[in-house]
Amino acid sequence: MNLNFATLTDLQKALRNRDVSATELTQHYLTRIDALDPALNSFISIQAETALDAAGRADARLAQGDARPLTGIPIAQKDIFCLQGHRTTAGSKMLSDFIAPYTATCSEKLADAGAITLGKTNMDEFAMGSSNENSYFGAVHNPWDPQLIPGGSSGGSAAAVAAGLCAASTGTDTGGSIRQPAAMCGLTGLKPTYGRISRWGMIAFASSLDQAGPMTRTARDAAILLEHMAGHDPRDSTSLTEPVPRFSESLGSNIKGLRIGVCREFFTEGLDPAVERSIREALAVYESLGATLVDISLPHTPYSVSAYYVIAPAECSANLARFDGIRYGHRCSDPENLQDLYQRSRGEGFGEEVKKRILVGTFALSAGYFDAFYHRAQKIRRLIKEDFVQAFEHVDVIAGPTAPTPAFPLGEKASNPVEMYLQDIFTISASLAGVPAMSIPAGLANGLPVGLQLIGNYLQEGPLLQAAHQFQQATHWHTLTPPEVL
Amino acid sequence: MNDLVNETTLVELSTLAALPLEPGKSKATLDALNEVLALVGQMQSLDVANVRPLAHPLERHQSLRADSVTETINPSALSQNAPLYEAGLYFVPKVIE
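Predicted model, so just to flag it, every value in this text is computed and none were measured.

Attention shifts here to the overall build of chain A. On a plain count of helices and strands, chain A comes out with 15 helices and 11 strands. Here the C-alpha atoms of chain A give a radius of gyration of 21 Å, agreeing with the 23 Å that 2.2 N^0.38 yields for 486 residues. The principal-axis extents of the C-alpha atoms in chain A amount to approximately 65 × 55 × 45 Å. When each of the 486 residues of chain A is scored for burial, the buried share is 63%. Here the analysis covers contacts within chain A between residues at least 6 apart in sequence; of these, 76% occur between residues at least 24 apart.

Attention now moves to the overall build of chain B. Scanning chain B from N- to C-terminus turns up three helices and two strands. For chain B, whose C-alpha radius of gyration is 22 Å, the value lies well above the compact-globule estimate of 13 Å for 97 residues. Each principal axis of the C-alpha atoms in chain B carries an extent, and together these give about 55 × 45 × 25 Å. When burial is assessed residue by residue, chain B has 14% of its 97 residues classed as buried.

A separate point is unusual backbone geometry. Cis geometry is found at the peptide bond from G152 of chain A to S153 of chain A, where omega equals 10°. Tracing the backbone through its elements, the reader meets S153 of chain A in the loop between β3 (116-121) and α5 (155-162). One non-glycine residue, A127 of chain A, lies in the positive phi region at around 70°. By secondary structure assignment, the location of A127 of chain A is in the loop between β3 and α5. Backbone geometry at A18 of chain B places phi at a positive 50°, although glycine is not the residue there. Mapped onto the elements of the fold, A18 of chain B is located in the loop between α1 (7-17) and α2 (26-40).

Before going further, it helps to spend a moment on the environment of A100 of chain A. Residue and element names in this part refer to chain A. Mapping A100 onto the fold places it in the loop between β2 (74-78) and α4 (105-112). Taking the C-alpha atoms as reference points, A100 and G400, 300 residues apart in sequence, are found 39 Å from one another. Those residues within four positions of A100 in sequence are excluded, and the remaining contacts are C82, L83, Q84, H86 and T88.

A separate point is the pairing of strand β7 (residues 259-263) of chain A. Two elements, β7 of chain A and strand β8 (residues 292-296) of chain A, share five bridges in a ladder whose sense is parallel. Counterpart to V262 of chain A in the pairing with β8 of chain A is D295 of chain A.

To continue, consider the interface of chain B and chain A. Across the boundary between the two partners, chain B contributes 42 residues, which contact 57 residues of chain A. Of all the secondary structure elements, the ones that give two or more residues to the side of chain B that touches chain A are α1, α2 and α3 (75-79) of chain B. Ranked by residues supplied to the side of chain B that touches chain A, first place goes to α2 of chain B with six residues.

This part is about the nonpolar core. I75, I116, C166, V310 and L454 of chain A are the most contacted members of the largest nonpolar core, which has 164 residues in total. No other element matches helix α9 (residues 304-319) of chain A, which puts nine residues into this core.

Once that is clear, we can look at the sheet that holds strand β5 (residues 188-191) of chain A. Consider a sheet: its strands pair through backbone hydrogen bonds, and that pairing is either parallel or antiparallel. Residues and elements named next belong to chain A. If you walk across this open sheet you meet the 11 strands as β1-β3-β2-β4-β6-β5-β10-β11-β9-β7-β8, and the pairing is mixed. Edge positions in the sheet fall to β1 (43-46) and β8, since each of these pairs with one other strand and no more. Within the sheet, the average angular offset between the axes of one strand and its neighbour, ignoring direction, is 30°. Those strands touched by helix α3 (residues 48-63) are β1, β2 and β3, and its axis lies near 160° from that of β3. Sheet strands touched by helix α7 (residues 219-229): β4 (168-173), β5, β6 (211-216) and β10 (437-445). Its angle to β6, the strand with the most contacts, is close to 145°.

Glancing now at the packing of helix α11 (residues 352-365) of chain A against α2 of chain B. One way to put it is that α11 of chain A packs onto α2 of chain B with a least axis distance of 10 Å and a crossing angle of 60°. In terms of orientation, α11 of chain A lies oblique with respect to α2 of chain B. The two elements α11 of chain A and α2 of chain B meet at a crossing, and its hand is right-handed. Together, K356, L359 and V360 of chain A of α11 of chain A and A32, L33 and V36 of chain B of α2 of chain B make up the contact between the two elements.

In this section: the packing of α9 of chain A against helix α12 (residues 371-391) of chain A. All names here are of chain A. Where α9 meets α12, the closest approach of the two axes is 9 Å, and the angle between their N-to-C directions is 125°. On the basis of their axis angle, the class for α9 and α12 is oblique. Read as a crossing pair, α9 and α12 show a hand that is left-handed. Two secondary-structure elements touch here, α9 through S304, A307, V310, I311 and A314 and α12 through F373, Y374, A377, Q378, I380, R381 and I384.

Right, let's get into the environment of H478 of chain A. Residue and element names in this part refer to chain A. With respect to the helices and strands, H478 occurs in the segment after α15 (461-474). Of the residues examined, H478 has 23 C-beta atoms within 10 Å and is grouped as buried. Measuring from C-alpha to C-alpha, the distance between H478 and A219 comes to 9.2 Å, with 259 residues separating the pair along the chain. Discounting chain neighbours no more than four positions away, the residues touching H478 are T188, R217, T218, I440, P441 and Q472.

We now examine the confidence of the model for chain B. Looking at chain B as a whole, the pLDDT averages 91, with 99% of positions reaching at least 70. Listed scores for the predicted complex are pTM 0.97 and ipTM 0.96.

Time to look at the pairing of β4 of chain A. Residue and element names in this part refer to chain A. Most of β4 is tucked away: six of the six residues are buried. Sheet analysis places β2 next to β4, joined by three bridges and oriented parallel. By the bridge assignment, Q77 is partnered in β4 with T170. The sheet contact formed by β4 and β6 spans five bridges and is antiparallel. Along β6, the bridge assignment pairs T170 with P214.

Right, let's get into α9 of chain A. Look at α9 of chain A: 22 Å from first C-alpha to last across 16 residues, which is about the 22 Å you get at 1.5 Å a residue. The buried fraction of α9 of chain A amounts to 14 of the 16 residues, a majority that puts the element mostly inside the structure.

Definitions and limits used
Residues numbered from 1 in each chain as written. Chains lettered and ligands numbered in written order. Predicted model: local features only at pLDDT ≥ 70, side-chain atom pairs only at ≥ 80, totals over all residues. Helix = DSSP H or I, 4+ residues; strand = E, 2+ residues; numbered from the N terminus. Rg over C-alpha atoms; globule rule 2.2 N^0.38 Å. Buried ≥ 20, exposed ≤ 12 C-beta atoms within 10 Å, placed from the backbone. Contact = placed C-beta atoms within 7 Å. Pairing = 2+ DSSP bridges. Core = buried A, V, L, I, M, F, W, Y, C linked by C-beta atoms within 7 Å. Axes fitted to C-alpha atoms, helices over the stretch in contact; angles between N-to-C directions. Parallel < 35°, antiparallel > 145°, perpendicular 65-115°, else oblique. Left-handed = near helix turned anticlockwise from the far one by under 90°. pLDDT = per-residue confidence, 0-100. Expected span 1.5 Å × (residues − 1).

The following block contains the structure:
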């Protein structure tokens, strides 16, 4: 078995059969990280010692026949999840020396299930970006072509899995930050229903939108990780109380009769023709599997980017007010007074994109503009949600492209923020509505991965994963690996 | 749409956001803000007169727990991240003369 690109299922079997030990597997990935990551920059920190210690304990469990579902599986975690005693930076100078005092609930649940954390992955600062060029720790390079961006903001998590530096990773998605990098690196990435996974211990960007999720090679792997990340958490007041199904146990049945909505607003002028070709071919595969394609409209989709870039900055301006240079985070030297301490600590600690979004959010919430911007954006959010509610009366799943283009060159859109924001034009509406959505590999455009986005109804991650899994049983796109990575 | 942010409003926003006005950067900041606000201005063309705002995507009430201590964190785990901390105190510049 090629350990580099093995699935979680393959690794679970190999560990249980003692074909490989958890220590060997962990060391294998650590060696690859040493060799390959200098060119990719997908990790901010590596936890070699704690990972090998955990691997030793995993081997003892395996030897005793006491393995938990993920015992011995090495994963990477986006550097937005607090891990007690470890540096957690959110890709920012502001938190470059921050040592987490506790562990995020979903990371704790993964550890309880036996997963081993190899390290923390690079990301756009405070998850604000679509290219991973906004990190204080430098841009991440796409394993498919190091001259290209890996997508963002979970670009490090995507690049690490795509390069075979870990078995799977965690990401967060506020407007597309799991799905878009998954699409650009040829992975499966899932943003669950808002509230499925606890946000406790996950550094906040926009609290009514932020959701954690898995980034994996296959839909089955995403189902396995989701089972162990999701669940009610009393420490997060928005955490859902619904039970978590065993998603990985209901992937097998066929999808004959599945009604797939093809949203006409997702096939717009800015869509790359080669991406559209791959998506149309993927839809034809679904038809051949017995699904029915239904033409649908989500009429308020064109307003989603506008509403998002009011709501998300407004929430970020409130969330990031906590960084004051006093209790934690960067502090300027020799402040003249309290106001100077606040302003210079924040001015020096935050990057340009973060400061811009804080200012936009402050504007949208300020007296005289609140109704015209923030309140109006929340009303549009309701219209977008109602579009989905009505659509799901007629279809089971909605399909379309994840991103309008494949991965683009580093620096290409860095000076054009609006063009960058439009990278998330197809992913934002599901975030605003809070419905689950995922991206799966669906072809190549000019030799680069194309992502098919599948959107499900509230709490219907099961049928979504089933539709993704059945597609992967009929196609090979998810098995492709970057040509340059050995 | 005319530019919504001018130099006066930029000063007000910077004060509200506790961010410094960086010398030589105000024109670039103004242009960047107005570019984003022009993008979000597309919202203004939609009639939302009878639409209720949506704050929580699932329209759930936040679940609350009893107002009692259920767990504690070692204070030193928190204070180790403070840039200036001594004898149980977080240090700030002198506030009262």
